[in-house]
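Structural description and commentary
Below, each chain spelled out in residue letters.
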Amino acid sequence: MYDFKIDAADKPTLYADLLAALDGLTAGEPDGIANMANAAALLWETLPGINWAGFYRNVGGELVLGPFQGRPACIRIPFGRGVCGAAAETLEVQRVEDIHAFPGHIACDAASQSELVVPIVRGGELIAVLDLDAPEKARFDAEDEAGCVAICKLLAERL
């Protein structure tokens, strides 16, 4: 069993420690689902103020729910629909301060107010997206985005 206690005074240190812990958890493990499961659990336990952390996998050009922590979620999301679908279609990070203002937002949890979705890409192909939700508006900032982009770069080689 792993017992990571990541507690940092600032976000860059928090994400550096989180990345190091995730590197240790996933190094040498070839199973992508197992690595996504541990990543979701680590993010859930470490990041304050979130109510959902998980992955949607690219399965045949559609996002399909992967390992996550939080309330039950939508199972399938078409590319281009909602925040996750926008990230999948554009291969660009989606940092949304108010999800209710996002055109076509898919409401899986009524408590969610803001969202950060980071595409996981290898060789130009989408593997999955990392999805983080929070119950407060504007929860995610540029430091969260940079930290999650680094996490997704690591995961791109381990999924």
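The structure reproduced in this document is the subject of the present report.

Criteria and cut-off values
- Residue positions are given per chain, counted from 1 along the sequence in the order it is written.
- For a predicted model such as this one, the threshold for reporting local features is a pLDDT of at least 70, and the threshold for listing and counting side-chain atom pairs is 80 or more; totals across whole chains, interfaces and linings nevertheless cover every residue.
- Computation of side-chain values covers all heavy atoms of the structure but excludes hydrogens and water.
- Paired rings are identified among Phe, Tyr and Trp, the last through its six-membered ring, by centres lying within 6.5 Å, and are further divided according to the angle between planes into stacked (under 30 degrees), edge-to-face (over 60) and tilted (the rest).
- In this description a helix means any DSSP run of H or I spanning at least four residues, a strand means any run of E spanning at least two, and both kinds are numbered starting from the N terminus.
- Relative accessibility thresholds used throughout: buried, under 20% of the residue-type maximum; exposed, over 50%; partly exposed, between the two (1.4 Å probe, protein chains only).
- When a carboxyl oxygen of Asp or Glu is within 4 Å of a side-chain nitrogen of Lys or Arg, the pair counts as a salt bridge.

Our focus in this paragraph is the packing of aromatic side chains. Going through the model one piece at a time under the given rule, you end up with two aromatic pairs. Each ring, one from Trp-52 and one from Tyr-56, has its centre 6.0 Å from the other, and the planes form 20 degrees; the classification is stacked. With a centroid separation of 5.1 Å and 15 degrees between ring planes, the pair formed by Trp-52 and Phe-68 is classed as stacked. Residue Trp-52 is located in strand β1 (residues 52–59), and its partner Phe-68 is located in strand β2 (residues 62–70); the two are separated by 16 residues in the primary sequence. By relative accessible area, Phe-68 is classed as partly exposed at 26%. Among the aromatic residues, those joined into a ring-pair cluster are Trp-52, Tyr-56 and Phe-68.

So, about the pattern of salt bridges. The tally for this structure, following the rule as stated, stands at seven salt bridges. A salt bridge links Lys-11 to Asp-141; the shortest N-O distance between them is 3.0 Å. Note that Lys-11 is positioned in helix α1 (residues 11–26) and Asp-141 in the loop between β6 (125–134) and α4 (142–156), a separation of 130 residues in sequence. Look at Lys-11 and you get partly exposed, because its relative accessible area is 22%. Put simply, Asp-144 and Arg-139 hold a salt bridge, and the shortest N to O gap is 3.1 Å. Through salt bridges that share partners, Lys-11, Arg-139, Asp-141 and Asp-144 make up one connected network.

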